[in-house]
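# Commentary on secondary and tertiary structure
Residues per chain, in single letters:
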Amino acid sequence: MTPTAAPQAPYKQLRRPTTDRMVAGVASGLGRYFDVDPTLIRVAFAVTGLLTGGVALLAYPIMWFLMPEEPTGAPAWPHPAGVAPTAGSAPGGPPPGYAPTPPYPPAA
């Protein structure tokens, strides 16, 4: 008898989303990754920039360069409650286990 493991969800990836961005999507990507409102990340960037005389603001373009942009059909993280990733059954659809990323904040 072979043990069967439950399928695992895709792992978290730090990416810049294409749907919820103000400038480059860095704050939105960080917000999704840490499950925090992107507005809080933006305020933290602004406050840190003011406290350090603008030196901390250099982190934004560095992260913009280092964080990859989220491709179309990338796994949504976190998955909406009760919604499993869908597989692309149509030709040219997303690979199995992938779903489009919903906009932030999730609809209630």
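Residues numbered from 1 in each chain as written. Predicted model: local features only at pLDDT ≥ 70, side-chain atom pairs only at ≥ 80, totals over all residues. Heavy atoms only, no water.

### Digging into the nonpolar core
- Counting 8 residues, the largest nonpolar core consists of Ala24, Val26, Ala27, Leu30, Ile41, Phe45, Tyr60 and Met67.
- Elements that contribute at least two residues to this core include exactly helix 1 (26-34) and helix 2 (38-51).
- Beyond its immediate stretch of four places on either side in the chain, Ile41 contacts Ala27, Leu30 and Gly31. (Core = buried A, V, L, I, M, F, W, Y, C linked by side-chain atoms within 4.5 Å. Buried < 20%, exposed > 50% of the residue type's maximum accessible area, 1.4 Å probe, protein only. Helix = DSSP H or I, 4+ residues; strand = E, 2+ residues; numbered from the N terminus. Contact = heavy atoms within 4.5 Å.)

### Notes on the packing of aromatic side chains
- Following the criterion strictly, the structure yields 3 aromatic pairs and no others.
- Between Tyr33 and Phe34, the ring centres sit 5.0 Å apart and the planes meet at 90°, which makes this aromatic pair edge-to-face.
- Accessibility expressed as a relative area gives 27% for Tyr33, which makes it partly exposed.
- Ring centres 5.5 Å apart and planes at 75° place the aromatic pair Phe45 and Tyr60 in the edge-to-face group. With Phe45 in helix 2 and Tyr60 in helix 3 (residues 59-66), this residue pair connects regions lying 15 residues apart in the sequence. Both residues of the pair, Phe45 and Tyr60, count as buried.
- Chaining the aromatic ring pairs together yields one cluster made of Phe45, Tyr60 and Trp64. (Phe/Tyr/Trp six-rings, centres within 6.5 Å; stacked < 30°, edge-to-face > 60°.)

### A short note on the environment of Gly25
- Take Gly25: it is sitting in the segment before helix 1.
- A relative accessible area of 3% means that Gly25 is categorised as buried.
- Here the alpha-carbon distance between Gly25 and Pro38, two residues 13 residues apart in the chain, equals 9.3 Å.
- Leave out the neighbours within four places in its chain, and Gly25 touches Arg16, Pro17 and Tyr60.

### What about unusual backbone geometry?
- Even without being glycine, Asp35 reaches a positive phi, approximately 55°.
- Residue classification places Asp35 among the exposed positions, given a relative accessible area of 56%.

### Comments concerning helix 2
- Here helix 2 spans 20 Å end to end across 14 residues, near enough to the 20 Å set by a 1.5 Å rise per residue.
- Among all positions of helix 2, only Pro38, Ile41, Phe45 and Gly49 are buried. Angularly, the buried residues of helix 2 cover 70° about the axis, an arc narrow enough to put them on a single face. Exposed residues lying more than 90 degrees from the buried face of helix 2 are Leu40, Leu50 and Leu51.
- In the core, the buried residues of helix 2 are packed alongside helix 1 and helix 3.
- The first or second residue beyond helix 2 is Gly53, which carries a positive phi of 70°. (Expected span 1.5 Å × (residues − 1). Arc of directions from axis to C-beta.)

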